[in-house]
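Chain by chain, the residues run as shown.
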Amino acid sequence: MNKTIVILGTQWGDEGKGKIVDFLTKNADFVVRYQGGNNAGHTLIVNGKKIILHQIPSGVIHDDVISIIGNGTVISPVALIKEIHMLEKNNIFPKDKVYISPFASLILNYHIAMDIAREKKLNSAAIGTTGKGIGPAYEDKVSRMGIKVYDLNNLNLLKIKIKRALNYYNYQLVNFYKQKPVDYKTTFNELAESADLMLSMVKDVPEILYQAIRNKNSVIFEGAQGTLLDIDHGTYPYVTSSNSTVGGVCTGTGVGPKSLDYILGVSKVYMTRVGLGPFLTEVFDETDNYFFLKGNESGSTTGRRRRTGWLDIVLLKKAIKINSLTALCLTKLDVLDELKEIKICIDYKISNINSSIKNNNTLLFLPNTLENVIPVYETLPGWNSSTAGLTNFDSLPLLAKKYINRIQELVKIPIDIISTGPSRNETIVLRNPFKI
Ligand code: GDP
Ligand code: IMO
Ligand code: MG
């Protein structure tokens, strides 16, 4: 059945969105990215081969599927060309089946220089960004001095825009950050080299999606990052610079909210975070090393070791509400296989609440810094046997079923998909979103 489905992260990214998008794409005609840039790293394992996608949607491996990069994204032309070449080396030819919105914003080398310089200067107050220039590129978009894909159409005007931007950035880089200025020629040449290719991929995205949905095609919207990294709803300021939550789908592609049939939130059965910021259920003992090794928890974009911790149901419930989630997909169940005990944070206790968030004794809002918040855990027994690669719920060990049922009871929305390994087929489907 044709459907319009959103697949997004409920945590701090890296929930396994890419694998699930790739898995569900067999039912889709279009896969669309609506926000973020090459800060994302979505890992697909196809026929034993690992492919990490940064800007190109995770449906690209499938023939006859159109991948779209929407207006809400920021695109690094240099990284995009690299990604296309990587795919071509793997016998995937994306040029004719990837469309780009003319209104997507470009990430240029001065954004990257600024991101890195700022993080360095912030020192212990740094965000721990991916260093890909995401923040400055989005700032330019909002301040209306950004360069958009359609600007590649007019190289003379582009020269003026780049010079104007470089005046602004180089003044700060040299005088405030004490860094080297960015060279105009390098910036312009990088863009000029990619202009023809990018322009050949430009399409009227809102119109294509409108017609697609009207003609009963199936569309998947693929989130990057996760709910807790959302610029508005995340653990600010330790967030990314876009709306990774469901609202970003509409603003970032040009479809209206009534077109969205089903919204799937992807959640690991534990949690990870790269970069800095609060992480209430973080573990520091041998469990961290266990998650790191068994879950292979190194960042797909920067290679940084991910911080790890227990599943936080309070935050998961927040993600369910903010995104109007239809259902959940739980990933990495197999990573819990060897644990004797598994903890879930089911509630928070608040101590010494700052008066600004307290009205009498009621909490006015959940503090995004999570300061003075103490997690309340429920401990469940581990199953101590392998779930790796299982494709049928009934074949799961009894205690694994109990664990999943307990999560379902707490979150009160269906768990439709469970992932038991990194490969496409290592998946349990309880309800196929395209078939309900
Ligand atoms: P994304 O950014 O949400 O697409 O996630 P990443 O690709 O950055 O990180 C998820 C990692 O977990 C990747 O290495 C995947 O190959 C891997 N992965 C996804 N699902 C599973 C699973 O169910 N079990 C295991 N063991 N690994 C998984
Ligand atoms: P996917 O799509 C995990 C994190 C960075 C940093 C913060 C801000 O693979 O889930 P930025 O470079 O965006 O300004 O960094 O956001 N971050 C991610 N963490 N997965 C991602 O993407 C991320 N994209 C950004 O580590 O903490
Ligand atoms: Mg990732």
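For the structure itself, consult the block above.
Every chain is numbered on its own, with residues counted from 1 as its sequence reads. Lettering for chains starts from A, numbering for ligands starts from 1, and both go in the order in which the items are written. pLDDT decides what is reported in this predicted model: residues at 70 or higher carry local features, side-chain atom pairs at 80 or more are listed and counted, and totals for whole chains, interfaces and linings draw on all residues regardless. Side-chain metrics in this entry use all non-hydrogen atoms of the structure; hydrogen atoms and water are not considered.

Considering the packing of helix 3 (residues 109–122) against helix 5 (residues 155–176)
Here is the rule: Only the contacting stretch of a helix is used when fitting its axis, a line to C-alpha atoms as for every element, and angles between N-to-C directions run 0 to 180 degrees. Counting from the N terminus, the helices are the DSSP runs of H or I reaching at least four residues and the strands are the DSSP runs of E reaching at least two. In this scheme, roughly parallel covers angles under 35 degrees and roughly antiparallel covers those over 145, while 65 to 115 is roughly perpendicular and the rest are oblique. For a crossing to be left-handed, the near helix must be turned anticlockwise from the far one by less than a right angle; the clockwise case is right-handed. Only heavy atoms matter for contacts: two residues are in contact if any of them lie within 4.5 Å across the pair. Charged residues are taken to be Asp, Glu, Lys and Arg, nonpolar residues to be Ala, Val, Leu, Ile, Met, Phe, Trp, Tyr, Cys and Pro, and polar residues to be all remaining types, Gly included.
One way to put it is that helix 3 packs onto helix 5 with a least axis distance of 11 Å and a crossing angle of 25°. Taken together, the axes of helix 3 and helix 5 lie roughly parallel to each other. Viewed along their axes, helix 3 and helix 5 form a crossing whose handedness is left-handed. Every residue of helix 5 that contacts helix 3 at Tyr110, His111, Ala113, Met114, Ala117 and Lys121 is listed here: Ala165, Leu166, Tyr169, Gln172, Leu173 and Phe176. Across the contact of helix 3 with helix 5, the residue classes break down as nine nonpolar, two polar and one charged.

Focus on helix 1 (residues 17–24)
What counts, and what does not: Buried residues are those whose accessible area, probed at 1.4 Å on protein chains only, stays under 20% of the maximum for their type, while exposed residues exceed 50% and partly exposed ones sit between those limits.
Summarising burial for helix 1: eight of the eight residues are buried, a large majority. Taken together, the buried positions of helix 1 are Lys17, Gly18, Lys19, Ile20, Val21, Asp22, Phe23 and Leu24.

Details of the coordination of the magnesium ion (ligand 3)
Quick note on the threshold: Water is not part of the atom set, so a site may look incomplete; the donors themselves are N, O and S atoms within 2.8 Å of the metal, or 3.2 Å for Na, K and Ca.
Coordination of the magnesium ion (ligand 3) by the protein is provided by Asp14 (OD) and Gly41 (O), with metal-donor distances spanning 2.0 to 2.2 Å. Placement of Asp14 in the loop between strand 1 (4–9) and helix 1 and of Gly41 in the loop between strand 2 (30–33) and strand 3 (42–46) is noted, with a sequence separation of 27 residues between them. Overall, the relative accessible area of 9% leaves Gly41 in the buried class.

Let's talk about the site of ligand 2
To keep things clear, this is the line we draw: When at least one non-hydrogen atom of a residue lies within 4 Å of a molecule or strand, that residue is treated as near it. The definition of a polar contact used here is a pair of N or O atoms within 3.5 Å, where within protein one atom must be able to donate a hydrogen and the other to accept one, and adjacent residues in sequence count solely through side-chain atom pairs. Each accessible area value is a Shrake-Rupley result obtained with a 1.4 Å probe; residue values ignore everything except the protein chains displayed when judging cover.
Residues in contact with ligand 2 amount to 21 residues; listed here are only the nearest, Lys17, His42, Thr130, Gln225 and Thr240. Gly128 is positioned such that a nitrogen or oxygen atom in its backbone is 3.4 Å from an oxygen atom of ligand 2. One of the side-chain N or O atoms of Arg304 is found 2.9 Å from an oxygen atom in ligand 2. A total of 550 Å² of accessible area belongs to ligand 2 in isolation, and the protein chains cover 98% of it.

A few points about the side chain of Asn38
Summarising the element assignment, Asn38 is placed in the loop between strand 2 and strand 3. Relative accessible area serves as the criterion here: at 9%, Asn38 is assigned to the buried category. Discounting residues that sit within four places of it in the chain, Asn38 has contacts with His54, Gln55, Ser76, Ala79, Ile107, Lys132, Ile134 and Thr301.

Some thoughts on the sheet that holds strand 1
Operational definition: When DSSP finds at least two bridges between two strands, those strands are taken to pair.
On the basis of which strands lie adjacent, the open sheet formed by nine strands has the order 7-5-2-9-1-10-13-18-19 and mixed pairing. Only two strands of the sheet have a single partner each, and these edge strands are strand 7 (98–100) and strand 19 (427–429). Put simply, the sheet's adjacent strands are angled 20° from each other on average, direction ignored. With four bridges connecting them, strand 1 and strand 9 (residues 219–222) associate as parallel partners. When the bridges of strand 9 are listed, Ile5 appears paired with Ile220.

Considering the site of ligand 1
Note the cut-off: Within this scheme a cavity is a closed region of a 1 Å grid, computed over the protein atoms alone, that accommodates a 1.4 Å probe without allowing it to escape, whereas a pocket is open but has protein on both sides within 12 Å along at least five of seven lines; lining residues each have an atom within 4 Å of a point. Occupancy of a cavity or pocket is assigned to a molecule whenever over half of its atoms lie within 2 Å of that pocket's grid points.
Taken together, 18 residues form the shell around ligand 1, and within it Gly41, Thr43, Ser300, Asp334 and Ser419 come nearest. The side chain of Ser300 places a nitrogen or oxygen atom 2.7 Å from an oxygen atom of ligand 1. With the chains in place, 94% of the 590 Å² that ligand 1 exposes on its own is no longer accessible. Of the pockets mapped on this structure, ligand 1 occupies the second largest pocket.

Considering the packing of aromatic side chains
To keep things clear, this is the line we draw: Classification of ring pairs uses Phe, Tyr and Trp, with its six-membered ring standing for Trp, and accepts pairs whose centres are within 6.5 Å; under 30 degrees between planes counts as stacked, over 60 as edge-to-face, and the remaining range as tilted.
A complete count under the given rule lists ten aromatic pairs for this structure. A centroid spacing of 4.9 Å and a plane angle of 55° characterise the contact between Trp12 and Phe279, whose relative ring orientation is tilted. In this pair, Trp12 sits in the loop between strand 1 and helix 1 while Phe279 sits in the loop between strand 11 (270–273) and helix 9 (286–294), placing the two residues 267 residues apart along the sequence. Here Trp12 matches Phe279 in class, with each residue buried. On the numbers, 5.2 Å between centres and 85° between planes, the contact of Tyr168 with Tyr169 is edge-to-face.

Scope: geometric values only; no functional claims are made or implied.
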